[in-house]
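Analysis of the macromolecular model
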Amino acid sequence: MTKGLTKINLAALTFGFAFLYIPILILVFFSFNESRLVNVWGGFSLKWYGELFQNEDLLGAAWVSLILAACTSTLSVILGTIAGFVMARFTSFRGRTLFSGMIYAPLVMPEVITGLSLLLLFVAVDWGRGLGTMILAHTSFCMSYVAVVVQSRLVSFDRSIEEAAQDLGATPFKTFFVITLPIIAPALVSGWLLSFTLSLDNVVITSFTSGPGWDTLPVKIFSAVKLGVKPEINALSTIMISIVAIGVIAASLVQKRAMVERQRSERMAAAANE
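All of the points below concern the structure found in this document. Just so you know, these numbers come straight off a predicted model, no measurement behind them.

1. A word on the overall build of the protein chain
Secondary structure summary: the protein chain contains twelve helices and zero strands in total. Going from the N terminus to the C terminus, the protein chain shows its helices and strands as α-α-α-α-α-α-α-α-α-α-α-α. Seen along its three principal axes, the alpha-carbon backbone of the protein chain occupies a region of about 70 × 60 × 40 Å. Scored against the burial criterion, the 274 residues of the protein chain give a buried share of 30%. Within the protein chain, counting contacts between residues at least 6 apart in sequence, those at least 24 apart form 69% of the total. Between the centroid of the 19 positive side chains of the protein chain and the centroid of its 16 negative side chains there is a distance of 6 Å.

Written out as structure tokens, the structure reads:
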């Protein structure tokens with residue numbers, strides 16, 4: 001078997017990255033366009049960034065999206081952790097099959113069905129649609145992802161550490177918060193970030209469960225694009241891309257620094273044993 005990249009693999013890889021990132025680069029490029037026409041270059045300008053920060057509709061929608069995503073991800077981590085813990089630690093109890101089916105159903109169910117069913121529920125109980133209904137809807141959708149992530153982490157978890165802590169006198173409650181929770185913390189962070197992204201990006205479920213005056217940023221952009229892409233949307237997209245890029249770079253640097261510190265500690269421990 002040939003090792004390394006062949007010309008075909010390299011061409012496929014190049015085409016894949018170009019297909020993904022060239023449209024993003026074009027969007028960023030035209031966010032600095034002087035012209036109102038988004039596909040006609042009229043000179044370099046920061047005009048539309050100024051227009052963006054004066055657009056109260058987009059800024060209000062962005063604020064609603066951030067509040068919704070933060071509340072949803074936090075509730076999803078709490079409920080998803082409980083569900084994942086039950087699925088991983090209690091392998092046999094009455095109704096486990098039904099419980100696991102309810103956990104996995106939102107992962108494969110079309111969002112339009114989820115949104116419509118939740119809309120009918122809120123109408124049936126006469127609950128006015130707004131931020132509260134959106135939080136409940138997004139949480140019911142996102143917590144399944146957190147449950148799967150936490151369950152997969154707990155399945156590979158070495159339970160002898162918990163047993164040792166309990167043998168030393170720790171209660172199950174203290175063992176969970178002192179031993180188990182710090183070890184599964186990366187899974188919780190991953191679940192929180194995943195829920196935040198899913199909630200921030202969701203359009204279908206939000207469209208069914210939002211009320212007047214509670215439009216999120218994706219819904220606002222989707223509605224505006226129907227009438228044509230505005231330069232302010234390019235500027236907003238560029239800002240979001242920059243925030244994500246900075247976050248990825250920062251996370252990579254922190255991870256690299258932690259790896260260097262761990263390798264240094266291992267070398268020092270090896271030297272001490274010698």
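Having seen it, we continue.
2. Remarks on the pattern of salt bridges
Throughout the structure, instances matching the rule amount to four salt bridges. One salt bridge in this structure joins Arg-89 and Glu-162, with 3.0 Å as the shortest N-O distance. On the criterion of sequence distance, the pair formed by Arg-89 in helix α3 (residues 56–89) and Glu-162 in helix α7 (residues 160–167) is long-range, its members being 73 residues apart. The same class applies to Arg-89 as to Glu-162, namely buried. Linking Lys-220 and Asp-215 is a salt bridge whose minimum nitrogen-to-oxygen distance equals 3.8 Å. Bridged by salt links that share partners, the residues Arg-89, Arg-159 and Glu-162 form one connected network.

3. With respect to the environment of Val-146
Mapped onto the fold, Val-146 is located in helix α6 (residues 131–155). As a C-alpha pair, Val-146 and Ala-269 span 123 residues in sequence and 36 Å in three-dimensional space. Beyond its immediate stretch of four places on either side in the chain, Val-146 contacts Ser-76, Val-77, Gly-80, Thr-81, Gly-191 and Ser-195.

4. Points about helix α12 (residues 231–273)
Note: α-helices contain 3.6 residues per turn, so residues at a spacing of three or four share the same orientation. Its 43 residues place the ends of α12 63 Å apart at the C-alpha level, agreeing with the 63 Å of an ideal helix rising 1.5 Å per residue. Those residues of α12 not exposed but buried are Pro-231, Glu-232, Ile-233, Asn-234, Ala-235, Leu-236, Ser-237 and Thr-238. Where α12 is buried, its residues touch α1 (7–30), α2 (47–52), α3 and α11 (217–225).

5. Some details on unusual backbone geometry
Although it is not a glycine, Asp-126 adopts a positive phi angle of roughly 60°. Turning to its location among the elements, Asp-126 is positioned in the loop between α5 (111–124) and α6. On the basis of relative accessibility, which here comes to 70%, the residue Asp-126 falls in the exposed class.

Cut-offs and rules
- Residues numbered from 1 in each chain as written.
- Predicted model: local features only at pLDDT ≥ 70, side-chain atom pairs only at ≥ 80, totals over all residues.
- Heavy atoms only, no water.
- Helix = DSSP H or I, 4+ residues; strand = E, 2+ residues; numbered from the N terminus.
- Buried < 20%, exposed > 50% of the residue type's maximum accessible area, 1.4 Å probe, protein only.
- Contact = heavy atoms within 4.5 Å.
- Lys, Arg positive; Asp, Glu negative; His and termini not counted.
- Charge placed at Lys NZ, Arg CZ, Asp CG, Glu CD.
- Salt bridge = Lys/Arg side-chain N within 4 Å of Asp/Glu carboxyl O.
- Expected span 1.5 Å × (residues − 1).

Function cannot be read off these values alone, since they describe shape.
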